[in-house]
Amino acid sequence: MFPGGPRPGGALPFLGELNLTDAQKDQIKSIGERSREESKPIAEELRKIQPKKQALIYTGTFDEAAALVLVDQEVALQKALTLKQMATQHAVYNVLTAEQKAKLADLIAKRKEMGPPRPTPPQGGSLPWGSFPRRP
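Residues numbered from 1 in each chain as written. Predicted model: local features only at pLDDT ≥ 70, side-chain atom pairs only at ≥ 80, totals over all residues. Heavy atoms only, no water.

A separate point is the pattern of salt bridges. The full count for this structure, using the stated rule, is six salt bridges. The closest approach of N and O atoms between K40 and E37, which form a salt bridge, is 2.9 Å. Of this pair, K40 and E37 both sit in helix 1 (residues 22-57), separated by three residues, roughly a single helical turn. The partly exposed category is assigned to K40, whose relative accessible area is 42%. (Salt bridge = Lys/Arg side-chain N within 4 Å of Asp/Glu carboxyl O. Helix = DSSP H or I, 4+ residues; strand = E, 2+ residues; numbered from the N terminus. Buried < 20%, exposed > 50% of the residue type's maximum accessible area, 1.4 Å probe, protein only.)

Glancing now at helix 1. Taking 1.5 Å per residue as the helical rise, helix 1 with its 36 residues ought to reach 52 Å, and the 50 Å between its terminal C-alpha atoms agrees with that figure. Within helix 1, the full set of buried residues consists of Q24, I28, I31, G32, S35, S39, I42, A43, L46, I49 and L56. For helix 1, the secondary structure elements touched by its buried residues are helix 2 (64-93) and helix 3 (98-114). (Expected span 1.5 Å × (residues − 1). Contact = heavy atoms within 4.5 Å.)

Of the residues in the protein chain, 80% reach a pLDDT of 70 or more, and the chain-wide mean stands at 84. For the protein chain, per-element mean pLDDT is lowest for helix 3, which scores 89, and highest for helix 2, which scores 96. A low-confidence stretch, residues 1-9 stays under pLDDT 50, and its non-local contacts, those more than four residues away or across chains, total 19 contacts. (pLDDT = per-residue confidence, 0-100.)

Bringing the nonpolar core into the picture now. Considering soluble globular proteins, one finds that nonpolar side chains tend to be buried as a cluster. By size, the foremost hydrophobic cluster in this structure holds 12 residues: L12, F14, L15, L18, L20, I28, I31, V92, V95, L96, L104 and L107. Every element with two or more residues in this core is listed here: helix 1 and helix 3. Sequence-distant contacts of L18, defined by excluding residues within four places in its chain, comprise L96, Q100, K103, L104 and L107. With eight residues, the next largest nonpolar core counts I42, I49, A67 and L70 among its residues. (Core = buried A, V, L, I, M, F, W, Y, C linked by side-chain atoms within 4.5 Å.)

Right under this line is the structure:
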């Protein structure tokens, strides 16, 4: 899940292939907007943890007890965001007709048969951490 809530079209895969009515699109947009608004405070709390984690990392001694507190907070917030995402996906799913749900299930099954997507190699021969000099 992205900070601030799910991205448009991210609530369920293949929404663009389900021939949604304008009313369904409006409902889904409303669900997404509401989810984003409800997720903002959680995402903001997650952002506030990052500097605290860095402060613990970049000190002379490591305070494991303080680190565990931050980890527990972060896990609880991630759990809340994941729960919000699942509830949003469920709400979007229930906007669909029976026929659209069947088509969605078919599209998901076909994607699973294809396996995970393969990563695309970097263009221009460069590596994420730099590049090796080219041989003449």
